[in-house]
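Fold and contact review
Here's the letter readout for the chains.
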Amino acid sequence: MVEKSQKVSVGRLLAWNTRPISFGTVTILMGYLSMFCTDSLKMSPVLVGTLLMASKIFDGLTDLIAGWIVDNTNTKLGKGRPYELCLIGTWVCTYALFASNVNWSTTAKSIWLLVMYTLVWSIFGTMMNAAEAPYIIRAFGDPMAITKVSAYGGVFITLGCMVVSIILPMLIGKYAPVPGGWQKIVLMLAVPLLILGLLRFIFIKEEFNPNENSEEERVGLKDIVNALKTNKYVWLLAIVSMIPQMMQNLLERHSLKVV
């Protein structure tokens, strides 16, 4: 058994926080999605808000299923680490989302928006988030080491996303009015940040097994179905999760009108 240590090298600390910076950039980009849909795709703000809200309903269900999938994962790469590769799908779908064509029919644009947005958040994003806890526990082992990684990591993530937040508006101002400009913006961010984000998967291995000396109790698919049937708070949580998205869409549209 590998001896646990509270020490965390700077290299491992930086490598661990590369994926959150990459995924954080996706989150920042999605803040401009309503602008892209209304200004570039000429879609109705009400339609866009409705589609994004519908996606959030699906997101509440996939959260439960993702936890079950990760809980039952046992590969040579580990339990949580394999799902870091979902970052590839996240960036591919983000690019595909901003590659929508204004000449498509409203139906085609609506379906594309709903599917790509759902894949980014409800599938790939949900799987990465569900695997986060098992991954960090098996990567660092000691609770104090995990605390250090989480605390100091927040500083690096904030600084990284701050840089993106400064650069992105300048890129939008320069390229967004040009045909194909949004695709160029996403591509310029996607390539370097995808490579950066995969550094966690490449360099941080799962070295500890917290359950090697005890029987691990697994949650079955039947338990999840029963929870959906009997626990009203699960559905309440799904509804509550939609409210911030609705408010964000309204605020974005108000800001655009003011500008």
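For the structure, see preceding data.
So, here's what we can say about the structure. (Residues numbered from 1 in each chain as written. Predicted model: local features only at pLDDT ≥ 70, side-chain atom pairs only at ≥ 80, totals over all residues. Heavy atoms only, no water.)

**Points about the packing of aromatic side chains**
Note the cut-off: Stacked, edge-to-face and tilted are the three classes for Phe, Tyr and Trp ring pairs, Trp counted by its six-membered ring, which pair at centre distances within 6.5 Å; planes under 30 degrees apart are stacked, over 60 edge-to-face, the rest tilted. Every helix listed is a DSSP run of H or I at least four residues long, and every strand listed is a run of E at least two residues long, numbered separately from the N terminus. Each residue gets one of three labels from its accessible area relative to the maximum for its type: buried under 20%, exposed over 50%, partly exposed in between, using a 1.4 Å probe on protein chains only. Placement of a charge over a ring requires the Lys NZ or Arg CZ to be within 6 Å of the ring centre, with the centre-to-atom vector within 35 degrees of the ring normal.
Inspection of every chain in the model, using the stated rule, returns eight aromatic pairs. Pairing W16 with F140 gives two aromatic rings, centres 5.5 Å apart and planes at 85°, and the pair type is edge-to-face. Separated by 124 residues along the polypeptide, W16 in helix α1 (residues 10-16) and F140 in helix α6 (residues 106-140) bring together distant segments of the chain. For W16, a relative accessible area of 2% translates into the label buried. Residue classification places F140 among the buried positions, given a relative accessible area of 4%. By the ring-pair criterion, three or more aromatic residues cluster together here, those being W16, Y135 and F140. Positioned above the aromatic ring of F201, the side-chain terminus of R81 is 4.9 Å from the ring centre.

**Side note on the pattern of salt bridges**
The test is simple: The working definition used for a salt bridge is a side-chain nitrogen of Lys or Arg within 4 Å of a carboxyl oxygen of Asp or Glu.
Evaluated as defined, the whole model comprises four salt bridges. Between E84 and R19 there is a salt bridge, with the nearest N and O atoms lying 3.0 Å from each other. Placement of E84 in the loop between α4 (45-71) and α5 (86-98) and of R19 in helix α2 (residues 18-30) is noted, with a sequence separation of 65 residues between them. Judged by its relative accessible area of 3%, R19 falls in the buried class.

**Topic: unusual backbone geometry**
If you check the backbone angles, K42 has positive phi at about 60° while not being a glycine. Along the chain, the position of K42 falls in the loop between α3 (33-40) and α4.

**Some thoughts on α5**
Definition in use: What a helix is expected to span follows from its residue count: subtract one and scale by 1.5 Å. Should any heavy atoms of two residues lie within 4.5 Å, those residues are considered in contact.
With 13 residues, α5 extends 19 Å from end C-alpha to end C-alpha; this agrees with the ideal 18 Å at 1.5 Å per step. Buried within α5 we find C86, L87, G89, T90, W91, C93, T94, A96, L97 and F98. Looking at the buried positions of α5, the neighbouring elements they touch are α2, α3, α6 and α8 (181-197).

**Digging into α2**
For α2, built from 13 residues, the straight-helix expectation of 18 Å at 1.5 Å per residue is met to within 8% by its first-to-last C-alpha distance of 19 Å. Burial runs high along α2: 12 of the 13 residues are buried.

**Structural notes on the packing of α3 against α4**
To keep it simple, the criterion reads: Note on geometry: axes are lines fitted to C-alpha atoms, helical ones only across the stretch in contact, with angles between N-to-C directions running from 0 to 180 degrees. If an angle is under 35 degrees, it is roughly parallel; if it is over 145, roughly antiparallel; if it lies from 65 to 115, roughly perpendicular; otherwise it is oblique. Handedness of a crossing is defined here by the sense of rotation of the near helix relative to the far one, left-handed for an anticlockwise turn of less than a right angle and right-handed for a clockwise turn.
At their nearest, the axes of α3 and α4 sit 10 Å apart, and the two run at 140° to each other. Considering the angle they form, α3 stands oblique to α4. Seen from above, α3 lies across α4 with right-handed handedness. Contact residues: α3 offers L33, S34, C37 and T38, while α4 offers P45, V48 and L52.

**Digging into the environment of T126**
Short version of the rule: Throughout this description, a polar contact denotes any pair of N or O atoms lying within 3.5 Å of each other; where both atoms belong to protein, one of them has to be capable of donating a hydrogen while the other can accept it, and for residues adjacent in sequence the pair is counted only when both atoms sit in side chains.
Along the chain, the position of T126 falls in helix α6. Judged by relative accessible area, which is 5%, T126 ranks as buried. Distance from T126 to T62, taken between C-alpha atoms, is 7.1 Å for residues 64 residues apart in sequence. Not counting residues up to four positions away in its chain, the partners in contact with T126 are D59, T62, D63, A66 and W121. Here the side chain of T126 touches D63 through a polar contact of 3.4 Å, side chain to side chain.

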